[in-house]
Amino acid sequence: MVSGQESSADTEKITRSYSIPLTISSDVRKKGAKKFLEEFGVKFPEGSSATYLANTGKILVVNSSDNIKLIEKILHGMGVAITE
């Protein structure tokens, strides 16, 4: 019998926030953070989320480590400084 269990990297959720520059914040605000990131291929499995916080100009993301890495790669390509 083969188990279909996901690895802990796929199920464990990490929370990160990213300061979004004005050059892309209007797109994020218009579409919503989750939709904006989904258009770049980011998946949002159960328990994951992305929210744009207009008062701080940040995206708050809860997702798996693999998806966080993808998000950071996408945002870095847009000129967003990624800090630990």
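Residues numbered from 1 in each chain as written. Predicted model: local features only at pLDDT ≥ 70, side-chain atom pairs only at ≥ 80, totals over all residues. Heavy atoms only, no water.

Considering the environment of Ala33
Alright, step 1. Considering the arrangement of structural elements, one finds Ala33 in helix α3 (residues 33-38).
Alright, step 2. When its relative accessible area of 3% is taken as the criterion, Ala33 is described as buried. (Helix = DSSP H or I, 4+ residues; strand = E, 2+ residues; numbered from the N terminus. Buried < 20%, exposed > 50% of the residue type's maximum accessible area, 1.4 Å probe, protein only.)

Section: the confidence of the model for the chain
Note that predicted coordinates carrying low pLDDT should not be read in detail.
Alright, step 1. Looking at the chain, the pLDDT average stands at 88 and 87% of residues meet or exceed 70.
Alright, step 2. Segment residues 1-5: pLDDT under 50, and 0 contacts once partners within four positions in sequence are set aside and those in other chains are kept. (pLDDT = per-residue confidence, 0-100. Contact = heavy atoms within 4.5 Å.)

Observations regarding the side chain of Asn67
Alright, step 1. Relative to the elements of secondary structure, Asn67 occurs in helix α4 (residues 65-77).
Alright, step 2. Here Asn67 falls in the buried class, since its relative accessible area comes to 12%.

Concerning the nonpolar core
Most often, soluble globular proteins keep nonpolar side chains buried together rather than apart.
Alright, step 1. Of all hydrophobic cores here, the largest spans 18 residues; its most connected members are Tyr18, Ile20, Val28, Leu37, Ile59, Val61 and Ile71.
Alright, step 2. Within the residue set of this core, elements represented by two or more residues are α2 (22-31), α3, β2 (49-53), β3 (58-64) and α4.
Alright, step 3. The dominant element in this core, judged by the number of residues it contributes, is α4, at 4 residues.
Alright, step 4. Beyond its immediate chain neighbours, meaning those up to four positions away, Leu37 contacts Val42, Phe44, Ala50, Val61 and Ile71. (Core = buried A, V, L, I, M, F, W, Y, C linked by side-chain atoms within 4.5 Å.)

Observations regarding the pattern of salt bridges
Alright, step 1. Tallying each qualifying case throughout the model produces 1 salt bridge.
Alright, step 2. Its salt-bridge partner being Lys31, residue Glu39 comes within 2.8 Å of it at the nearest N-O pair.
Alright, step 3. Since its relative accessible area comes to 44%, Glu39 is described here as partly exposed.
Alright, step 4. Residue classification places Lys31 among the partly exposed residues on the basis of a relative accessible area of 40%. (Salt bridge = Lys/Arg side-chain N within 4 Å of Asp/Glu carboxyl O.)

Looking at the side chain of Ser48
Alright, step 1. Tracing the chain through its elements places Ser48 in the loop between α3 and β2.
Alright, step 2. Once residues within four sequence positions are removed from consideration, Ser48 is found in contact with Lys13, Val62 and Asn63.

Concerning α2
Alright, step 1. Residues of α2 that are buried include every one of Ile24, Ser25 and Val28, and no others. The buried side chains of α2 occupy one side of the element, clustering within an arc of 115° when seen end-on. The outward face of α2, more than 90 degrees from its buried face, is lined by the exposed residues Leu22, Thr23, Arg29 and Lys30.
Alright, step 2. In the core, the buried residues of α2 are packed alongside α3, β2 and β3. (Arc of directions from axis to C-beta.)

Side note on the environment of Ile68
Alright, step 1. Tracing the backbone shows Ile68 in helix α4.
Alright, step 2. Considered as a pair, Ile68 and Thr15 are 53 residues apart in the sequence and their alpha carbons are 8.6 Å apart.
Alright, step 3. Not counting chain neighbours up to four residues away, the residues in contact with Ile68 comprise Ile14, Arg16, Tyr18, Val61 and Asn63.

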